[in-house]
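# Remarks on the overall topology
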Amino acid sequence: MFFIFFFLLLVAGVSYVGWHIWHVLPWSKGLRWSIIAVLLLCFLSMFLNFGGLTDRMPLWLGSTIYDIGFSSIFVLLYLVITFLVLDLGRLVRLVPKEWLHDNAITSTALFVLIVGVFVYGNLHYRHKVRETVSLTTTKAITPKKIVMVSDLHLGYHNRRSELERWVDIINEEKADMVLVAGDIIDMSIRPLQEEHMAEVFHHLNAPVYACLGNHEYFSGSPAAQQFYEEAGIHLLRDTAVVVGDLCIVGRDDRTNPHRRSLAQIMSGVDKSRFTILLDHQPYHLEEAEEQGIDFQFSGHTHRGQVWPISWITDAVYECSFGPWQRGDTHYYISSGLGLWGGKYRIGTQSEYVVVTIGK
């Protein structure tokens, strides 16, 4: 039902934007049809990313189709917003009718606006923000420095060269360990295999522990687990591991309806140790509090990636981004180091989190 509603929403958005573009462009019918056809093809190319169609293409072509198709969703969103604002302006007689009909100035302004917004969004995405969290505890522990990341979404758009840059950033921290809260893989395992990305993870100068995210299920869970093994990543699926004086708990993603409850996982855990929970999707934060977790790290939300979708994630989740606290349990919900779809951050940030734990 959700997908039918989403598809109908897309059709309505494409129709609304197409109608406005037809009227605002000052050119001949043939040229207007050509521009609308190109825009429609860009949008429809998004659907080639489903059903494994891009996996049958050369890697460069699959990457191009991915970038064009998913970028078109965000462009469509901002065109809908722009035309809605102009239509509301007309309604209250602040925008003259002629601005939206055969107008070269309006057409040029719209083009410059959209290109400017998305150039900014792409540059902002490439800038990785270093967030810090300082935790204190009365439990017996030697000071620790941990780099935590989520939502790398490696695949057709975040390629090997991008991963290598991220590994260099993480290595500069000289951390005791690296924790990943799911979605290392985007939608297909093929680009990671073809570019031998598993070997890049071996360049990290600290052990890596991770849980699965929903996109590991999209890409195929068995293949994802095999990749984790080849990459030397310690995968935690509804299990806990003691690392020195820490206890790291990793939950399977809630995409798996048969995952164990947190209470079941914690039944055999020594709670006298400082306990960190990795759970990709930040639902039911009260469970970590009830089980005496010291710190939970999650991702998944991306905080919507672009405004105003961030308003939706803020409404859906108890905490969709940043630090949080319930009782004695601390949380950090990351907007992600990478992202899916078009490589744009507007009103949100791409980040990695450096956590220090001590007395």
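Now for a look at the structure at hand. (Residues numbered from 1 in each chain as written. Predicted model: local features only at pLDDT ≥ 70, side-chain atom pairs only at ≥ 80, totals over all residues. Heavy atoms only, no water.)

## Some points on the layout of surface pockets
Of the voids in this model, the second largest pocket is the one considered here, and its volume is about 900 Å³. Forming the walls of the second largest pocket are 32 residues, and the residues nearest its centre are Ile-21, Ile-35, Leu-39, Val-75 and Leu-79. Among the elements of the structure, helix H1 (2-24), helix H2 (29-44), helix H3 (59-91) and helix H4 (104-126) are those that each provide at least two residues to the lining of the second largest pocket. Considering each element in turn, the lining of the second largest pocket owes the most residues, nine residues, to H4. Residue composition of the lining of the second largest pocket, by class: 27 nonpolar, five polar and no charged. (1 Å grid on protein atoms, 1.4 Å probe; cavity = no way out; pocket = protein on both sides within 12 Å on 5 of 7 lines; lining within 4 Å. Points joined across faces, edges and corners; volume = space filled by probe spheres on them. Helix = DSSP H or I, 4+ residues; strand = E, 2+ residues; numbered from the N terminus. Nonpolar A, V, L, I, M, F, W, Y, C, P; charged D, E, K, R; others polar.)

## Topic: the pattern of salt bridges
In this structure the tally under the stated criterion is 17 salt bridges. Between Arg-251 and Glu-287 there is a salt bridge; the shortest N-O distance is 3.2 Å. Of this pair, Arg-251 sits in the loop between strand S7 (246-250) and helix H10 (262-266) while Glu-287 sits in helix H11 (residues 286-290), and the two are 36 residues apart along the sequence. Here Arg-251 falls in the buried class, since its relative accessible area comes to 4%. Of the charged contacts, one joins Arg-303 and Asp-314 as a salt bridge, the two residues approaching to 2.7 Å between their closest N and O atoms. Residue Arg-303 is located in the loop between strand S9 (295-298) and helix H12 (309-316), and its partner Asp-314 is located in helix H12; the two are separated by 11 residues in the primary sequence. Classification of Arg-303 as partly exposed rests on a relative accessible area of 25%. Overlapping salt bridges bring together Arg-251, Arg-259, Asp-279 and Glu-287 as one network. (Salt bridge = Lys/Arg side-chain N within 4 Å of Asp/Glu carboxyl O. Buried < 20%, exposed > 50% of the residue type's maximum accessible area, 1.4 Å probe, protein only.)

## Quick notes on the sheet that holds strand S5 (residues 234-235)
Strand order in the open sheet formed by six strands is S1-S12-S2-S3-S4-S5, with mixed pairing between adjacent strands. Two strands lie at the open edges of the sheet, namely strand S1 (128-136) and S5, each paired on one side alone. Bridge count for strand S3 (residues 177-181) against strand S4 (residues 208-211) is four bridges, and the pairing is parallel. Directly across from Val-178, in S4, lies its bridge partner Val-208. Contacts from helix H5 (residues 160-171) reach S1, strand S2 (144-149), S3 and strand S12 (350-358), with the element oriented near 40 degrees to S1. (Pairing = 2+ DSSP bridges. Contact = heavy atoms within 4.5 Å. Axes fitted to C-alpha atoms, helices over the stretch in contact; angles between N-to-C directions.)

## Concerning the packing of aromatic side chains
Following the criterion strictly, the structure yields 14 aromatic pairs and no others. Taking 5.5 Å as the distance between ring centres and 80 degrees as the angle between the ring planes, the aromatic pair formed by Tyr-78 and Phe-118 counts as edge-to-face. With a gap of 40 residues between them, Tyr-78 in helix H3 and Phe-118 in helix H4 connect regions that are remote in the sequence. Here Tyr-78 and Phe-118 have matching classes, each one buried. (Phe/Tyr/Trp six-rings, centres within 6.5 Å; stacked < 30°, edge-to-face > 60°.)

## Description of the side chain of His-153
Of note, His-153 is situated in the loop between S2 and H5. For His-153, the contacting residues outside a window of four places in its chain are Asn-158, Asp-183, Ile-184, Ile-185, Asp-186, His-215, His-302, Leu-339 and Trp-340.

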